[in-house]
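This is what each chain is made of:
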Amino acid sequence: MDWGKVRFFWGEVWRNFTRNAAMQLTAIGTVTVTVVLLGGFLYVRTTLAAVGDDMLHRIEISVFLKDGTTAQAAQALRSRIAHDHRVASVTFISKAEGLRQMRQQLKGQMDTSLLTSNPLPDALRVKAGRPDDVPAVAAHIAKLPDVATVSYAQDAVQRALRVGEVLARIGLGVVALLVFVAAIIISNTIRLTVFARRREIAIMQLVGATNTYIRMPFICEGIIEGVLGALVAIGLLAAAEHQLIPKLITALPFVPLNGNSANEALLALELLATGAAVGAVASWFSVGRYLRT
Amino acid sequence: MISLRGVSLTYPNGTEALDGIDLDIQKGSFVFLVGHSGTGKSSLLRLLYRESVPTRGTVVVDGVRVERLRRSRVPQLRRSVGVVFQDFKLLLDKTVWENVAFALQVTGARTRDVMRQVPRVLDLVGLPHKSRMFPSELSGGEQQRTAIARALVHNPKILLCDEPTGNLDPSNTTEIMELLLRINLKGTTVVVATHNQAVVDRMRRRVVRLDAGRIVADEERGLYFGNEALRATGTTGAPALGPSAFGVGRGLG
Ligand SMILES: Nc1ncnc2c1ncn2[C@@H]1O[C@H](COP(=O)(O)OP(=O)(O)OP(=O)(O)O)[C@@H](O)[C@H]1O
Ligand SMILES: [Mg+2]
């Protein structure tokens, strides 16, 4: 290892980097904003996808029985449904049990003591093995005797997922635009440094430095700006996740949020790589334009 | 060492800087390039280190067809051709030592070589004691000597000087010319573009005279205005101020 060479190289990078602190901060700040948005977007998207999937798999068919169906008839219906190979499980929920569960779910959101009589019929809760089978199973059950009504939430969930997909595309477009803006701002900072160092560059070319060598400190500068911006952004995102997710989980009791669906380490790495890549590409172009003249 | 054949150069804006130049410069020689302002001296030198390429003709430097050189090979050429300018082109925030070392460092030289070569050239130009000073702390002559040291640090076979004494007073000028002669005596081919009649007339070296982009005179042991001028007027006391006046170069030329 030639430490003299290493010291010289990083000395040059440091010289560039400290030449115009305000400009460097602008570049880093832009990367931070971009990466926060990109990271937030990716996080929300993976979380939503996981939540949607989870909800689809949890869809249950509620089968409400006609009033006055005997316990025996209910049992018979239950085993008949359970025989269907598409059905994973069938649970009998009595009138009283149904009311208890409802009280539990609505706790804190509605004054359940207002419910003086029990409006619920006896019911069966049916789970399909695969979400796709839900409509067919539901239609089949609706035709059986003693069944009053059948309901499931599949349509609503699927519609929500489609809306989510459209929103994701718009989000992706916005993020792409921001990455572009960040690249332009970094490339402008680098261009300022290149301009400030045009004498050095001219001399380097005169004494036989290769373009690759001349480029290197500037590329490093771009990468440092990108990585620093991404690091700040990752810090902000981690803080946000720490603060927000528990609140969201309490605020949205029906949404199965668990905060574990996104792989944070991988996401952080992706964001770092994005920052570095944006910095490298932006500076490559801004120095390149100068070297060709 | 240097050979130009039918070289013409027209700048993109239409200025015809060089027009049909044929010129050969032997290895180890010392050549002055003279002529009025704007006659193409700098343009000719620029062709030799591939700062520009001729519109027509061939340029051979040290066996390399310069005008055909691929961009990626240019750095190689620049390391075998040192260049010195009127305005020194030193980095003001670097010391003498750093300015010279810079030329090696940016070509990826090993620190061992930097530590060996920099003292060698600083010694050669007579500046070892000023190595820690910044250009602003040096005289013009010392700054130019620093620039020459930088040009020599790659051990180039050719040293090109574009008005090297243009910014210097007579005594500094003499110093620099003496130094260039000494470098030439060590075997380096030296080409000097200059306006300085006194220097040219004193040194009695080969003089190539340009006018409007053409070579109009080329004389060994020449004078600034040509030997015709000497014969016609008999006023230039050149022989008394020949190279021997510097105590070097006797028997050369
Ligand atoms: N980059 C350029 N673009 C266009 N024209 C140029 C360029 N450089 C020089 N010229 C023109 O080419 C001609 C020759 O210029 P050059 O600099 O070679 O002359 P010179 O002999 O070195 O002059 P001087 O003694 O003043 O340095 C001049 O007319 C000049 O205006
Ligand atoms: Mg000139």
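Just above sits the structure.
The rules we used
Residues numbered from 1 in each chain as written. Chains lettered and ligands numbered in written order. Predicted model: local features only at pLDDT ≥ 70, side-chain atom pairs only at ≥ 80, totals over all residues. Heavy atoms only, no water. Contact = heavy atoms within 4.5 Å. Buried area = accessible area lost by both parts, 1.4 Å probe. Salt bridge = Lys/Arg side-chain N within 4 Å of Asp/Glu carboxyl O. Polar contact = N/O pair within 3.5 Å; in protein donor to acceptor, adjacent residues only side chain to side chain. Helix = DSSP H or I, 4+ residues; strand = E, 2+ residues; numbered from the N terminus. Nonpolar A, V, L, I, M, F, W, Y, C, P; charged D, E, K, R; others polar. Core = buried A, V, L, I, M, F, W, Y, C linked by side-chain atoms within 4.5 Å. Buried < 20%, exposed > 50% of the residue type's maximum accessible area, 1.4 Å probe, protein only. Patch = residues over 30% accessible without salt bridge, like charges linked within 9 Å, V, L, I, M, F, W, Y side chains within 5 Å. Areas by Shrake-Rupley, 256 points an atom, 1.4 Å probe, with all protein chains shown as cover. Axes fitted to C-alpha atoms, helices over the stretch in contact; angles between N-to-C directions. Parallel < 35°, antiparallel > 145°, perpendicular 65-115°, else oblique. Left-handed = near helix turned anticlockwise from the far one by under 90°. Phe/Tyr/Trp six-rings, centres within 6.5 Å; stacked < 30°, edge-to-face > 60°.

Asker: Account for the interface of chain B and chain A, with residues named and values stated.
Answerer: With 23 residues of chain B in contact, the opposing surface of chain A contributes 20 residues. For the pair chain B and chain A, the summed buried surface comes to about 1,900 Å²; carbon and sulfur atoms form 57% of the total. The three residues of chain B that bury the most area against chain A are Arg78, Phe102 and Val106 of chain B, which together make up 26% of that side's buried surface. At the boundary of chain B with chain A, the tally comes to two salt bridges. Among the salt bridges present, the one from Arg15 of chain A reaches Asp93 of chain B, with a minimum N-O distance of 3.1 Å. Taken together, the links from chain B to chain A amount to 10 residue pairs in polar contact (both at pLDDT 80 or more). Of all the secondary-structure elements, those providing two or more residues to the side of chain B that touches chain A are helix H2 (74–80), strand E6 (81–85) and helix H3 (96–105) of chain B. The residue makeup of the side of chain B that touches chain A, split by class, is 10 nonpolar, five polar and eight charged.

Asker: Account for the nonpolar core, with residues named and values stated.
Answerer: Residues Phe30, Phe32, Ile148, Leu159 and Leu180 of chain B are the most contacted members of the largest nonpolar core, which totals 76 residues. Tallying contributions element by element places helix H8 (residues 211–251) of chain A first for this core, with eight residues. Not counting the four nearest positions on each side in its chain, Ile148 of chain B is found in contact with Val84, Val125, Leu159, Ile176, Leu179, Leu180 and Ile183 of chain B.

Asker: Any chance you could break down a nonpolar patch on the surface for me, citing the residues and the numbers?
Answerer: Residues and elements named next belong to chain A. Taken together, the side chains of Val163, Val166, Leu167, Ile170 and Val174 present a nonpolar region at the surface, about 450 Å² in accessible area. On the secondary structure map, Val163 appears in helix H6 (residues 154–196). Judged by its relative accessible area of 47%, Val163 is partly exposed.

Asker: If you had to explain the packing of helix H1 (residues 3–19) of chain A against H8 of chain A to someone new, which residues and values would you point to?
Answerer: Between two packed helices, both the angle of their axes relative to each other and the distance between the axes serve to describe the pair. All names here are of chain A. Between H1 and H8, whose axes approach to 9 Å, the crossing angle comes to 60°. In terms of their interaxial angle, H1 and H8 are classed as oblique. Along this stretch, H1 crosses H8, giving a crossing that reads as right-handed. Together, Phe8, Phe9, Trp10, Val13, Asn16 and Phe17 of H1 and Tyr213, Met216, Pro217, Phe218, Cys220, Glu221, Ile224, Glu225 and Leu228 of H8 make up the contact between the two elements. Here the residues of the contact of H1 with H8 are counted per class, giving 12 nonpolar, one polar and two charged.

Asker: Which residues make up the packing of aromatic side chains, and what values go with them?
Answerer: Residue and element names in this part refer to chain B. By the definition in use, this model includes five aromatic pairs over all chains. Ring centres of Tyr49 and Phe85 lie 6.4 Å apart, and the angle between their planes is 80°; on these two criteria the pair is classed as edge-to-face. Of the two residues, Tyr49 sits in the loop between helix H1 (41–48) and strand E4 (56–61) while Phe85 sits in strand E6, which places them 36 residues apart along the sequence. For the pair formed by Tyr49 and Phe85, the shared burial category is buried. Judged by centre distance (4.9 Å) and plane angle (85°), the ring pair of Tyr224 and Phe225 falls under edge-to-face.

Asker: Which residues make up the pattern of salt bridges, and what values go with them?
Answerer: Two side chains bearing opposite charge may form a pair once their charged atoms approach each other closely. Using the criterion set out here, one finds 19 salt bridges over all chains in the structure. With a shortest N-O distance of 3.6 Å, Arg15 of chain A and Glu12 of chain A are connected by a salt bridge. On the criterion of helical spacing, the pair formed by Arg15 of chain A and Glu12 of chain A is a turn pair, its members being three residues apart in helix H1. Linking Asp218 of chain B and Arg206 of chain B is a salt bridge whose minimum nitrogen-to-oxygen distance equals 2.9 Å. You can see Asp218 of chain B sitting in strand E10 (residues 214–219) and its partner Arg206 of chain B sitting in strand E9 (residues 206–211), a full 12 residues away along the chain. Given the relative accessible area of 38%, Asp218 of chain B is considered partly exposed. Where salt bridges share partners, they join Glu12, Arg15, Arg197 and Glu200 of chain A together with Asp93 and Lys94 of chain B into one cluster.

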